[in-house]
Amino acid sequence: MRRLLTAAALLLPLAFAGGGARAAGDTPAGGASAGEGSPGDAVSRGAYIFNAAGCLGCHTNQKDGGEKGGGQPLAGGRALATPFGTFYTPNITPDPVNGIGRWSDADFIRALREGVRPDGANLFPAFPYASYTRMTDRDLLDLKAYLLSRPAVAAPNRPHDLTPPFSWRFLVPAWQWLYLTPGPVPDDQAKPASWNRGRYLVDALGHCAECHSPRSLLGGIDPDRYLAGNPDGPDGDKVPGITSAEPKGIGGWSDGDLTLFLEAGLTPDGDVAGGAMGEVVRNTTSKLTAEDRAAIAAYLKTVPAKQ
Amino acid sequence: MSNRVVNVLAAASVAGLMFTLFGMSAGAAGAADPAEQVKDRQQTMKKLGGGMGAVAKFVKNEGATAEDAAKGAEAVLAVSKMDPKKIFPEGTAVGVADSAAKPELWKSWTETQKYWSAVQPAAEKLDAALKGGDRAQIAQALGATSKTCGTCHEDFRVKKN
């Protein structure tokens with residue numbers, strides 16, 4: 001693994017070149033069409049994006065290892081135990097010192113699309129910007145408008161507790177070069193609008209693949225095992241596959257099974273999701289429109305089966 | 001043997017017998033097999049899940065009749081009325097058989113009781129909705145009941161598999 005890292009580090013200059021080239025090719029596209037022309041201002045649209053992107057859970061220290069963390073909403077500090085060490089999520093309230101109160105629109109877009117902080121530091125990919133990078137400019141700015149409408153909390157950020165070499169921030173650009181393809185993904189015109197919307201919800205906002213796919217030794221998502229499940233997910237939990245495989249996926253689930261699960265956490269056998277997915281249902285999928293849940297189901301059913 | 005002696009002996013033997021009986025039964029309860037208790041809990045949860053599943057099938061229009069669903073809701077309601085102490089006896093946390101209950105369930109017992117007692121009113125509404133027969137209302141009540149299960153699963157259940 002160390003050799004891989006060294007190799008990655010040597011490729012750093014390329015990383016900048018490559019990243020720049022791709023960033024230049026940014027096009028506003030994507031299943032992103034959804035929401036356009038809808039009534040309401042940026043803040044209320046942003047509230048929906050905020051739920052769909054599942055920001056609240058990780059950025060709030062509500063539950064600390066099963067105990068109540070007692071943190072203020074979005075003030076960060078939640079511990080994320082990963083094979084690379086423990087990350088403590090940052091404050092994303094409008095607080096000017098500890099939060100994102102001073103971030104410009106460009107700062108915000110750069111952080112979520114390229115994984116770079118306003119001070120130029122690279123963000124660790126525990127923050128799922130490899131997914132959020134696919135968000136449209138408009139969704140990103142609506143999200144920012146919503147976040148800035150939330151109460152500021154002056155809670156300082158806690159440093160991460162990571163195992164070297166994963167604690168070496170200067171290696172993050174190498175990771176980004178390997179695993180980050182910046183910018184929205186254009187709609188597939190051959191597919192129905194609901195499929196494109198579903199893909200956008202799953203890949204860009206919902207960042208489902210971040211937990212539901214296995215990661216390489218360097219912490220990148222294995223594209224060949226996209227949504228095929230993760231034996232070593234967050235907090236050491238096994239995360240099931242959600243491709244169209246059967247039985248190790250959702251191949252045997254009807255559309256109604258999928259949408260009811262997303263709405264209420266209820267599985268076809270009458271069980272109710274707990275753990276991290278219970279939280280996702282509570283914070284995210286139960287708060288989506290029925291159309292969006294149906295779009296997610298429509299998309300997932302077309303994801304190639306991986307056992 | 002004088003009457004008194006017989007009486008004393010009889011009293012003593014009755015007392016002894018009673019002591020033995022109670023002692024044994026108390027001992028049996030105290031030494032209830034935790035693995036068995038975990039299995040009992042799984043059966044209870046299965047009953048709960050079966051009930052939820054039947055209502056869900058009806059809501060999704062996937063083969064369950066209104067009668068199946070009504071029976072399901074009754075099962076959910078019956079379980080919701082059980083004493084959580086009986087379902088979650090001490091000493092049945094993860095590690096005992098294939099228990100999936102986190103130790104925090106007992107550490108935060110007040111919370112656990114609060115979560116558990118939220119199930120019954122939801123189940124009552126579900127039962128009432130089924131008797132009313134309005135599908136949208138049933139779906140809504142099913143979701144609400146499911147939510148009460150989810151809060152506990154989220155905090156106190158370890159990941160399965």
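Residues numbered from 1 in each chain as written. Chains lettered and ligands numbered in written order. Predicted model: local features only at pLDDT ≥ 70, side-chain atom pairs only at ≥ 80, totals over all residues.

Colleague: Quick question: what am I supposed to make of the overall build of chain A here?
Modeller: In terms of regular secondary structure, chain A is built from 13 helices and five strands. Going through the 307 residues of chain A one by one, you find that 44% of them count as buried. Considering only contacts in chain A between residues 6 or more positions apart, those separated by 24 or more positions represent 65%. (Helix = DSSP H or I, 4+ residues; strand = E, 2+ residues; numbered from the N terminus. Buried ≥ 20, exposed ≤ 12 C-beta atoms within 10 Å, placed from the backbone. Contact = placed C-beta atoms within 7 Å.)

Colleague: What is the right way to read the interface of chain B and chain A from this model?
Modeller: How big an interface is tends to be expressed through the accessible area that disappears when the partners come together. Every contact between the two is made by 22 residues of chain B and, on the other side, 22 residues of chain A. Broken down by secondary-structure element, the contributors of at least two residues to the side of chain B that touches chain A are α2 (34-59) and α8 (135-156) of chain B. In terms of residue count, the dominant contributor to the side of chain B that touches chain A is α8 of chain B (nine residues). For the side of chain B that touches chain A, a count of residues per class yields four nonpolar, nine polar and nine charged. (Nonpolar A, V, L, I, M, F, W, Y, C, P; charged D, E, K, R; others polar.)

Colleague: Where do I start with the pairing of strand β4 (residues 85-88) of chain A in this structure?
Modeller: In the case of a regular strand, side chains alternate between the two sheet surfaces. Residue and element names in this part refer to chain A. Bridge count between strand β3 (residues 79-82) and β4: four bridges; the pairing is antiparallel. In the sheet register, Ala79 faces β4, and the bridge partner there is Tyr88. Hairpin connection of β3 to β4: two residues between the antiparallel strands. As paired elements, β4 and strand β5 (residues 161-162) share two bridges and run antiparallel to each other. Bridging from a neighbouring strand, Gly85 pairs with Leu162 of β5. (Pairing = 2+ DSSP bridges.)

Colleague: Looking at this model, I keep getting lost on the packing of helix α11 (residues 255-264) of chain A against helix α13 (residues 290-300) of chain A. Mind explaining?
Modeller: When two helices pack together, their arrangement is captured by the angle between the axes and the distance separating the axes. All names here are of chain A. Contact geometry for α11 and α13: axes closest at 9 Å, N-to-C directions at 130°. In terms of orientation, α11 and α13 fall into the oblique class. Helix-helix and strand crossings are classified by hand; for α11 and α13 the assignment is right-handed. Seen from α11, the contacting residues are Asp255, Leu258, Thr259, Leu262 and Glu263; seen from α13, they are Arg293, Ala294, Ile296, Ala297 and Leu300. Per-class residue counts for the contact of α11 with α13 are six nonpolar, one polar and three charged. (Axes fitted to C-alpha atoms, helices over the stretch in contact; angles between N-to-C directions. Parallel < 35°, antiparallel > 145°, perpendicular 65-115°, else oblique. Left-handed = near helix turned anticlockwise from the far one by under 90°.)

Colleague: Looking at this structure, how should I read the nonpolar core?
Modeller: Within soluble globular proteins, side chains that are nonpolar generally end up buried alongside one another. With 88 residues, the main nonpolar core has Leu300 of chain A together with Val55, Val76 and Leu126 of chain B as its most contacted residues. Broken down by element, the residue count for this core peaks at seven residues, all from α2 of chain B. Contacts of Val55 of chain B, omitting those with residues within four sequence positions, involve Ala69, Gly72, Ala73, Leu126, Ile138 and Leu142 of chain B. (Core = buried A, V, L, I, M, F, W, Y, C linked by C-beta atoms within 7 Å.)

Colleague: I would appreciate a short explanation of α11 of chain A in the present structure.
Modeller: Note that an α-helix has 3.6 residues per turn; residues three or four places apart therefore point the same way. Counting buried positions along α11 of chain A gives seven out of 10 residues, so the element sits mostly inside the fold. Among the residues of α11 of chain A, Asp257, Leu258, Thr259, Leu260, Phe261, Leu262 and Ala264 of chain A are the ones counted as buried. Buried residues belonging to α11 of chain A abut α12 (275-283) and α13 of chain A together with α2 and α8 of chain B. One or two positions beyond α11 of chain A, positive phi appears at Gly265 of chain A, with a value near 75°.

Colleague: I'm lost on the confidence of the model for chain B in this one. Help?
Modeller: Any segment with low pLDDT has predicted coordinates that should not be analysed in fine detail. On average, residues of chain B score 87 in pLDDT, and 80% of them reach the 70 mark or higher. The ipTM, which scores confidence in the relative placement of chains, is 0.77 for this predicted complex, and the corresponding pTM is 0.83. (pLDDT = per-residue confidence, 0-100.)

Colleague: It is not clear to me how unusual backbone geometry should be interpreted in this structure. Could you clarify?
Modeller: Leaving glycine aside, a negative phi is the common case for residues, and trans is the common case for peptide bonds. In this chain, Pro164 of chain A is followed by Pro165 of chain A through a cis amide linkage whose omega measures 5°. With respect to the helices and strands, Pro165 of chain A occurs in the loop between β5 and α8 (172-179). With omega at 10°, the peptide bond leading from Glu246 of chain A into Pro247 of chain A counts as cis. Along the chain, Pro247 of chain A turns up in the loop between α10 (209-212) and α11. Of note in the backbone geometry, Leu227 of chain A takes a positive phi value of approximately 65° without being a glycine. Non-glycine residue Asn61 of chain B carries a positive phi angle of around 60°.

Colleague: Quick question: what am I supposed to make of the domain arrangement of chain A here?
Modeller: All names here are of chain A. The domains assigned to chain A are domain 1 (1-25 + 36-184) and domain 2 (208-307). In this complex, domain 1 contributes 18 residues to the contact, which on the side of domain 2 involves 17 residues. Of all the secondary-structure elements, those providing two or more residues to the side of domain 1 that touches domain 2 are α3 (42-52), α4 (55-58), β3 and α8. Here the side of domain 1 that touches domain 2 is built from residues that sort into 13 nonpolar, five polar and no charged. (Domains from an automatic or database assignment.)

Colleague: I would appreciate a short explanation of the environment of Ala126 of chain A in the present structure.
Modeller: Along the chain, Ala126 of chain A turns up in the loop between α5 (105-114) and α6 (129-132). With residues up to four places along the chain from it excluded, the contact list for Ala126 of chain A reads Leu80, Thr82 and Phe87 of chain A.

Colleague: Please explain the UniProt feature "domain: Cytochrome c" (unreviewed entry) in chain A as it appears in this structure.
Modeller: Within this numbering scheme, the UniProt entry marks residues 41-151 and 193-304 of chain A as carrying the feature "domain: Cytochrome c" (unreviewed entry). Annotation note: span residues 193-304 of chain A, helix share 42%, strand share 0%, distance between end C-alpha atoms 19 Å. (UniProt positions renumbered as here; feature names shortened; annotations may be inferred.)

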